[in-house]
Amino acid sequence: MTATPEPPPAHVRAAFGARTAEPELVGSGPAWLCGDAVIRPAMNPSEAAWVAQTLDSLDVENLRLARPLRSSDGRWVVSGWSATRHLAGQPEPRHDEVVSVSLRLHNATAELPKPRFLEERRDIYAMADRMAWGEDGVPLAPDKGGRLFGALAGSRRTVKLAPQVVHGDLFGNVLFAGNAPPGIMDFSPYWRPAEWAAGVVVVDALAWGGADNGLPQRWSHLIDWPQVLLRALLFRLAVHALHPRSTAQSLTGLDRAANVLLDLI
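Keep in mind it's a predicted model, so treat the numbers as computed, not measured. Counting of residues starts from 1 at the beginning of each chain's written sequence and follows it residue by residue. Reporting of local features is limited, given that this is a predicted model, to residues whose pLDDT is at least 70; pairs of side-chain atoms are given and counted only at 80 or more, and all residues count toward the totals for whole chains, interfaces and linings. As a rule here, side-chain values come from all non-hydrogen atoms in the structure, and water together with hydrogens is ignored.

Colleague: An account of the sheet that holds strand β9 (residues 183-184) is needed here, citing residue identities and associated values.
Modeller: Overall, mixed pairing links the three strands, which are arranged β4-β9-β8 in an open sheet. Each edge of the sheet is formed by a strand with only one pairing partner; in this case those strands are β4 (64-65) and β8 (174-175). Sheet analysis places β4 next to β9, joined by two bridges and oriented parallel. Bridge pairing links Arg 64 to Gly 183 in β9. Any two strands are treated as partners once DSSP identifies two or more bridges connecting them. Every helix listed is a DSSP run of H or I at least four residues long, and every strand listed is a run of E at least two residues long, numbered separately from the N terminus.

Colleague: If you had to explain the side chain of Arg 236 to someone new, which residues and values would you point to?
Modeller: In this structure, Arg 236 sits in helix α9 (residues 225-242). For this analysis, residues touch if any pair of their heavy atoms sits within 4.5 Å. The contact partners of Arg 236, leaving out residues within four places of it in the chain, are Gly 168, Asp 169, Val 200, Val 203, Asp 204, Trp 208 and Leu 254.

Colleague: Go over the sheet that holds strand β3 (residues 37-41) with me, naming the residues and quoting the values.
Modeller: In a beta sheet, neighbouring strands pair by backbone hydrogen bonds and run either parallel or antiparallel. On the basis of which strands lie adjacent, the open sheet formed by five strands has the order β1-β2-β3-β6-β5 and antiparallel pairing. The sheet is open, and its two borders are formed by β1 (24-25) and β5 (77-78), each paired with just one other strand. Pairing geometry for β1 and strand β2 (residues 32-34), over two bridges, is antiparallel. Residue Leu 25 lies in a different strand from β2, and its bridge partner there is Trp 32.

Colleague: So what about the pattern of salt bridges? Which residues, and what values?
Modeller: Here, a salt bridge means any side-chain nitrogen of Lys or Arg that lies within 4 Å of a carboxyl oxygen of Asp or Glu. Applying the stated criterion across every chain, the model contains 13 salt bridges. Between Arg 192 and Glu 135 there is a salt bridge whose closest N-O contact spans 2.9 Å. With a gap of 57 residues between them, Arg 192 in strand β10 (residues 189-192) and Glu 135 in the loop between α5 (124-132) and α6 (146-153) connect regions that are remote in the sequence. In this structure, the salt-bridge partner of Arg 218 is Asp 212, at a minimum N-O distance of 2.9 Å. Working definition: with a 1.4 Å probe on protein chains only, accessible area under 20% of the residue-type maximum means buried, over 50% means exposed, and in between means partly exposed. By relative accessible area, which is 38% here, Asp 212 ends up partly exposed. Three or more residues joined by partner-sharing salt bridges are found here, namely Glu 92, Arg 94 and Glu 97.

Colleague: Give me the lowdown on the nonpolar core, citing residues and values where you can.
Modeller: By nonpolar core we mean a set of buried residues, namely Ala, Val, Leu, Ile, Met, Phe, Trp, Tyr and Cys, connected to one another through side-chain atoms within 4.5 Å. By size, the foremost hydrophobic cluster in this structure holds 64 residues, and its most contacted members are Leu 105, Phe 149, Trp 196, Trp 225, Leu 233 and Phe 235. A total of 12 residues in this core trace back to one element, the largest contributor, which is α9. Core analysis: the next-biggest nonpolar cluster, separate from the first, contains 13 residues, Val 12, Trp 32, Cys 34 and Val 78 among them.

What follows is the structure in structure tokens.
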């Protein structure tokens with residue numbers, strides 16, 4: 001059984017204006033709702049500060065962004081924690097809308113410079129990203145996704161799309177609230193083409209969101225779509241093979257996504 005994450009300590013809650021708020025775990029964590037603030041661990045302080053500065057000044061038409069909170073002394077990160085304002089809404093299985101959100105968001109981030117911390121990232125997700133694009137390699141457990149990764153990797157062809165700052169984990173992180181514009185509650189930065197980020201949404205929706213088989217075909221007008229879908233699938237397979245808490249059930253979802261995508265890639 002996975003242990004419940006630790007809530008932010010009292011001095012962190014106080015720094016973000018939530019001294020008396022009782023922390024409430026958001027979903028399975030690790031973010032905590034504390035009054036009007038959502039406080040989450042900042043595993044990489046330089047990344048957390050970049051995300052806060054970016055979201056503080058970014059405006060995207062017909063999108064709501066969870067605005068970052070400064071601490072009482074002006075910092076974005078306090079003792080390894082960062083905070084945003086609470087954003088109303090819940091994830092919903094509106095998969096085409098999430099793909100559309102991805103494209104609108106990345107039209108707005110297209111001119112952002114590459115963050116320096118991306119070159120230094122060595123976490124599971126960064127390694128899986130580089131492996132998907134053939135830039136790095138480590139052995140992958142065959143029964144956790146490595147076998148399928150190896151079978152598909154040989155189908156990669158050159159992609160000429162320009163990389164840019166993208167959110168690489170939008171599935172489950174787009175919130176819907178009645179007639180309000182969709183909301184984005186965080187930002188997971190990568191330096192890849194905008195079409196790849198849309199492809200990750202499609203792969204995730206097929207694997208774990210119950211999306212219909214026609215979802216990838218409805219976005220086939222996107223440039224280099226088969227190849228970015230392939231890299232999105234390879235990315236998720238590598239994450240699965242590297243992650244210590246991956247399960248047979250989640251791999252079944254990726255097998256389903258692969259079967260749907262085979263005719264396209």
